[in-house]
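Inside the fold
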Amino acid sequence: MKKYAILTSAALTLCLLTGCGGDKAESIDPADLYGTWGYKIDGGSETLTIREDGTYSKVVKVSGFPDTKVNDSWSLEGADFTFYISEYNTAFTYTVAMSEDKNTMVWDNGDNRIVYTKKQ
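Figured I'd write up the structure that's included with this text. Since we're looking at a predicted model, the values are computed, not measured.

Concerning the nonpolar core
Counting residues in hydrophobic clusters, the biggest one holds 19 residues, and the most contacted among them are Leu33, Leu48, Ile50, Phe81, Met105 and Trp107. Counting only elements with at least two residues in this core, the list comes to β2 (44-50), β4 (68-77), β5 (80-85), β6 (90-98), β7 (104-108) and β8 (113-118). When near neighbours in sequence (up to four residues on either side) are disregarded, Met105 contacts Leu33, Trp37, Ile50, Val96, Ala97, Met98, Ile114, Val115 and Tyr116.

And the structure:
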C-alpha cells in the first residue's frame, strides 16, 4: 500500500511539473507560413512551398534517388498544420512553432522534428 502511495504521489508531481499535456501551442498566423522553405537532410534536401490558396508542393532530393514530389492541400488549426496526400488517402499533422523573426519553423509530431528555414 505504501508503495502505491509513493508511485501515485510521484505521478501526480510529474503531472504538475509537466502540466499533464500542458497548454496548446501558440496559434500560428497562416500568413507567416506562406512562401518557400528549405530543410537539409543527409545526402539531400527538401523544399516546401506553402501557398495562400491552401495548397502546397514538396520536393525531396536525395543523392542517388529520383526526386519525390507531392502537390496537395493543407489546413491549419491553431498551431496544428496538416499535410494531405490524396493519392495515398492519408494526412500528417505537425505542431508548428515559429521563430520570432519568422524565418525558422519547427515542426514536431512527437516522432519527427523538422526545422525549416525560409528561402529568400
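Remarks on the pairing of β8
With 2 bridges joining them, strand β1 (residues 35-41) and β8 adopt antiparallel strand pairing. Bridge assignment links Gly38 to a residue of β8, and that residue is Thr117. Where β7 and β8 come together, 5 bridges link them in antiparallel fashion. The partner of Met105 across the bridge, within β8, is Tyr116. The loop that links β7 with its antiparallel partner β8 comprises 4 residues; one of these, Gly110, has a positive phi angle of about 95 degrees.

Parameters and conventions
- Residues numbered from 1 in each chain as written.
- Predicted model: local features only at pLDDT ≥ 70, side-chain atom pairs only at ≥ 80, totals over all residues.
- Heavy atoms only, no water.
- Core = buried A, V, L, I, M, F, W, Y, C linked by side-chain atoms within 4.5 Å.
- Buried < 20%, exposed > 50% of the residue type's maximum accessible area, 1.4 Å probe, protein only.
- Helix = DSSP H or I, 4+ residues; strand = E, 2+ residues; numbered from the N terminus.
- Contact = heavy atoms within 4.5 Å.
- Pairing = 2+ DSSP bridges.

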